[in-house]
Amino acid sequence: MATEKATFGAGCFWGTEKFFESEFKDGLKSLAVGYEGGDKENPTYRDVCTGKTGHAEVLQVEYYPKKVDYKDLCRFFWRMHDPTTVNRQGNDRGTQYRSVVFYHSEQQKKDAEEVKQEVQKQIEEPIVTEISPAKVFYSAEKEHQQYLKRNPGGYCNHKIRW
């Protein structure tokens, strides 16, 4: 079955991964947390935490379009984090925690922009989410993959907002 990639930055990647896996598990082939959107090649978690690499913490999913619609991934993305705060999610602050959709095709860009407008009608504050072309995705270190599955009491500021 054919797959496509989708990449979302919604603050700390641990919670983003947990929420997407729970919501779409049957429609996903794989999930990986990592870094995207910056200038440094092969950044580490420590590099990204300095705020100097330009990377965002992201979740990249490989999904089955016959099972999951990209627009549904986008709708969920905007529901599970606060898209109205610049470079901040809960206690996490810095450019690496920005709200961003990295699109992998012109159709994804169009769909993300449409869903963003749809969601904006439902909330009062302006959405500040960036919609940017996908660049190079760098997988995060092994200890960050499936972090909250291995550490169920670990830090997570994500929640379904409506």
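Draft legend 1. A look at the overall build of the protein. The secondary structure content of the protein amounts to five helices and eight strands. Beginning at the N terminus, the succession of helices and strands in the protein can be written as β-α-β-α-β-α-β-β-β-α-β-β-α. By its C-alpha atoms, the protein is 40 × 35 × 35 Å across when sized along the principal axes. A buried classification covers 45% of the 162 residues belonging to the protein.

Draft legend 2. Structural view of the side chain of histidine 144. Positionally, histidine 144 belongs in the loop between strand E8 (138–139) and helix H5 (147–150). There is a polar contact of 3.2 Å between the side chain of histidine 144 and the side chain of tryptophan 14. Once residues within four sequence positions are removed from consideration, histidine 144 is found in contact with Phe13, Trp14, Glu17, Val33, Tyr35, Tyr45 and Arg150.

Draft legend 3. Summary view of the environment of isoleucine 160. With respect to the element layout, isoleucine 160 can be found in the segment after H5. Residue class for isoleucine 160 comes out partly exposed when judged on its relative accessible area of 40%. Along the backbone, isoleucine 160 and phenylalanine 19 are 141 residues apart, and their C-alpha atoms lie at a distance of 8.9 Å. Apart from the residues lying within four places of it in its own chain, the contact partners of isoleucine 160 are Phe19, Phe76, Arg79 and Met80.

Draft legend 4. Quick look at the nonpolar core. If you look at the biggest cluster of nonpolar residues, it comprises 33 residues, and the most contacted ones within it are Phe8, Phe20, Tyr63, Tyr70, Leu73 and Trp78. Secondary structure elements with two or more residues in this core: strand E1 (4–10), helix H1 (13–24), strand E2 (28–36), strand E3 (56–63), helix H3 (70–79) and helix H4 (106–120). The element that contributes the greatest number of residues to this core is H3, accounting for six residues. Excluding anything up to four places from it in sequence, tryptophan 78 contacts Pro83, Val101, Ala112, Val115, Lys116, Val119, Ile127, Thr129, Ile131 and Trp162.

Draft legend 5. Representation of the sheet that holds E2 within the structure. The mixed open sheet is built from six strands, whose spatial order is E7-E6-E1-E3-E2-E8. The strands lining the two open edges of the sheet, one partner per strand, are strand E7 (130–133) and E8. By the bridge criterion, two bridges tie E2 to E8 in an arrangement that is antiparallel. The residue bridging glycine 34 from the neighbouring strand is serine 139, located in E8. On top of the sheet, H1 reaches E1, E2 and E3; it is set at about 165° to E2, its chief contact. Those strands touched by H4 are E1, E3, strand E6 (99–103) and E7, and its axis lies near 150° from that of E6.

Criteria and cut-off values
Residues numbered from 1 in each chain as written. Predicted model: local features only at pLDDT ≥ 70, side-chain atom pairs only at ≥ 80, totals over all residues. Heavy atoms only, no water. Helix = DSSP H or I, 4+ residues; strand = E, 2+ residues; numbered from the N terminus. Buried < 20%, exposed > 50% of the residue type's maximum accessible area, 1.4 Å probe, protein only. Polar contact = N/O pair within 3.5 Å; in protein donor to acceptor, adjacent residues only side chain to side chain. Contact = heavy atoms within 4.5 Å. Core = buried A, V, L, I, M, F, W, Y, C linked by side-chain atoms within 4.5 Å. Pairing = 2+ DSSP bridges. Axes fitted to C-alpha atoms, helices over the stretch in contact; angles between N-to-C directions.

Interpretation note: all reported values are geometric properties and have no functional meaning in isolation.
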